[in-house]
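# Survey of secondary and tertiary structure
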Amino acid sequence: MESKKTVFITGVTGSMGGAGMDELLRRRDRFDLVTLARPSAANKLALRELEKQPGVRVVWGDLTCYDDVLACVTGADIVLHPAAMIAPAADHDPEGARAVNVGSMENILRAIKAQPDPDRIKLVNIGSVAMTGDRLYPIHVGRTGDPMKPSIYDAYACSKIDAEQLVAESGLKYWVSCRQTFIAVPDTLALMDPIMYHQPLQTCIEFCTAHDSGLLLANACEDDVPESFWRNFYNIGGGKRARVTFLELMERVFSALG
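Keep in mind that this is a model prediction, so the values were computed, not measured. (Residues numbered from 1 in each chain as written. Predicted model: local features only at pLDDT ≥ 70, side-chain atom pairs only at ≥ 80, totals over all residues. Heavy atoms only, no water.)

## Section: the nonpolar core
Counting residues in hydrophobic clusters, the biggest one holds 31 residues, and the most contacted among them are Val7, Leu24, Leu33, Leu50, Leu80 and Val124. When residues of this core are assigned to their parent elements, the largest contribution, four residues, is made by helix α1 (residues 15-25). Ignoring sequence-local partners within four residues, the contact set of Leu24 consists of Val7, Ile9, Phe31, Leu33, Leu80, Ala218 and Cys221. (Core = buried A, V, L, I, M, F, W, Y, C linked by side-chain atoms within 4.5 Å. Buried < 20%, exposed > 50% of the residue type's maximum accessible area, 1.4 Å probe, protein only. Helix = DSSP H or I, 4+ residues; strand = E, 2+ residues; numbered from the N terminus. Contact = heavy atoms within 4.5 Å.)

See the structure below:
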């Protein structure tokens, strides 16, 4: 019987990382799982049941600490990195966003290169469609070859641009960068923040679900992923049915709220 692969996945207390972990847990016949989380009271509570799962190792630490990252990368076959400090938190603490979003990537790349055979380790970086800025007509359709043109003062997008550049120029044999779009979450009220008014009303948005994003992460670990998938950039989206303007979104949300 072929031995299991070991997957190191970050950000499992977030939407995409949590969905990725859920999907990987269904595939424990093929994967052993490692994750890294800050030892906050909220995280300890959130991951209490996960720690009890067979084939899962939770390392308590910080992505900005190289030794913590090294402990997770060592022995891993695949690194999935959806963890990030996102807006609006990144807007309030741009230096912190850079420390997390760029610093974590520096540590992951350094840890991979410290392994006996870095060429066997696959890295899936999760970027953001925000890296290419607002989507207004007539450039409302995003392409992976578009110039990096983040919105002014978007600390999250700027830090993700720098992190992706590190990946692309890393010299690793197996890397990919997938730029995530806005994940539709069931609790719309959780997103109530003044940042919602930063959007031009005619901004074009293509949502995706956390479930589909989790599938992407898990599927990237499988043996049938073609060689052509690697060393490329992709935009993540939910397809034609998931497209809406910001005005249409607000009309739907506020109509539902009465």
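## Looking at the packing of aromatic side chains
Within this structure, the stated rule accounts for five aromatic pairs. A cation sits over an aromatic face here: Lys44 above Trp60, 4.3 Å from the ring centre. One cation-aromatic arrangement involves Lys122 over Tyr174; the distance from NZ or CZ to the ring centre is 4.3 Å. (Phe/Tyr/Trp six-rings, centres within 6.5 Å; stacked < 30°, edge-to-face > 60°. Lys NZ or Arg CZ within 6 Å of the ring centre and 35° of its normal.)

## Quick word on unusual backbone geometry
Looking along the chain, the bond that leaves Ala87 and enters Pro88 is cis, with omega of 5°. Tracing the chain through its elements places Pro88 in the loop between β4 (78-81) and α5 (89-92). Following Tyr137, the chain continues to Pro138 via a peptide bond in cis, the omega torsion being 10°. Locating Pro138 in the fold gives a position in the loop between β5 (122-128) and α7 (155-168). A positive phi angle is found at Arg231, which is not glycine, with a value near 60°. By secondary structure assignment, the location of Arg231 is in the loop between α8 (210-219) and β10 (233-235).

## A word on the pairing of β4
Burial along β4 is two-sided: Ile78 and Leu80 facing one way and Val79 and His81 facing the other are all buried. Across four bridges, the pairing between β4 and β5 is parallel. Considered in β5, the bridge of Val79 is made with Leu123. (Pairing = 2+ DSSP bridges.)

## Examining the pattern of salt bridges
Where charged atoms of side chains with opposite charge meet at close range, the side chains can pair. Scanning the model with the defined rule gives 15 salt bridges in all. In this structure, Arg120 engages Asp77 in a salt bridge whose closest nitrogen and oxygen atoms are separated by 2.7 Å. Placement of Arg120 in the loop between α6 (94-113) and β5 and of Asp77 in the loop between α4 (66-73) and β4 is noted, with a sequence separation of 43 residues between them. Notably, a salt bridge pairs Arg179 with Glu164, separated by 2.7 Å at the nearest N-O pair. (Salt bridge = Lys/Arg side-chain N within 4 Å of Asp/Glu carboxyl O.)

## Section: the packing of α4 against α6
Interaxial distance between α4 and α6 falls to 9 Å at its minimum, and their mutual angle equals 50°. Between α4 and α6, the angle falls in the class oblique. Regarding α4 and α6, the two cross each other, and that crossing is right-handed. Together, Tyr66, Val69, Leu70 and Val73 of α4 and Asn107, Ile108, Arg110, Ala111 and Ile112 of α6 make up the contact between the two elements. (Axes fitted to C-alpha atoms, helices over the stretch in contact; angles between N-to-C directions. Parallel < 35°, antiparallel > 145°, perpendicular 65-115°, else oblique. Left-handed = near helix turned anticlockwise from the far one by under 90°.)

## Section: the sheet that holds strand β6 (residues 174-180)
Read across the sheet, seven strands follow the order β3-β2-β1-β4-β5-β6-β10 without closing on themselves; strand pairing throughout is parallel. Both edges of this open sheet fall to β3 (56-60) and β10, since each of them pairs with a single strand only. Geometrically, the sheet is characterised by an average inter-axis angle of 20° between neighbouring strands, direction not taken into account. Bridge count for β6 against β10 is three bridges, and the pairing is parallel. Within β10, the residue paired with Ser177 across the bridge is Phe233. Most of the contacts of α7 go to β5, to which it runs at about 155°, and overall it touches β5, β6 and β10.

## Some words on the packing of α1 against α8
When two helices pack together, their arrangement is captured by the angle between the axes and the distance separating the axes. Close contact between α1 and α8 brings their axes to 7 Å; oriented N to C, the two are set at 60°. Considering the angle they form, α1 stands oblique to α8. Note that α1 runs across α8; the crossing there is right-handed. Counted together, Ser15, Met16, Ala19, Gly20, Glu23 and Leu24 of α1 and Ala210, His211, Ser213, Gly214, Leu215, Leu217 and Ala218 of α8 form the full contact between these two elements. Taken together, the residues of the contact of α1 with α8 break down into seven nonpolar, five polar and one charged. (Nonpolar A, V, L, I, M, F, W, Y, C, P; charged D, E, K, R; others polar.)

## Side note on a nonpolar patch on the surface
Taken together, Met192, Tyr197, Phe254 and Leu257 make up a surface patch of nonpolar side chains, about 430 Å² in accessible area. Its location among the elements puts Met192 in the loop between β7 (183-184) and β8 (204-206). The exposure class of Met192 is partly exposed, given its relative accessible area of 36%. (Patch = residues over 30% accessible without salt bridge, like charges linked within 9 Å, V, L, I, M, F, W, Y side chains within 5 Å. Areas by Shrake-Rupley, 256 points an atom, 1.4 Å probe, with all protein chains shown as cover.)

By themselves, these are just geometric observations and shouldn't be taken as functional.
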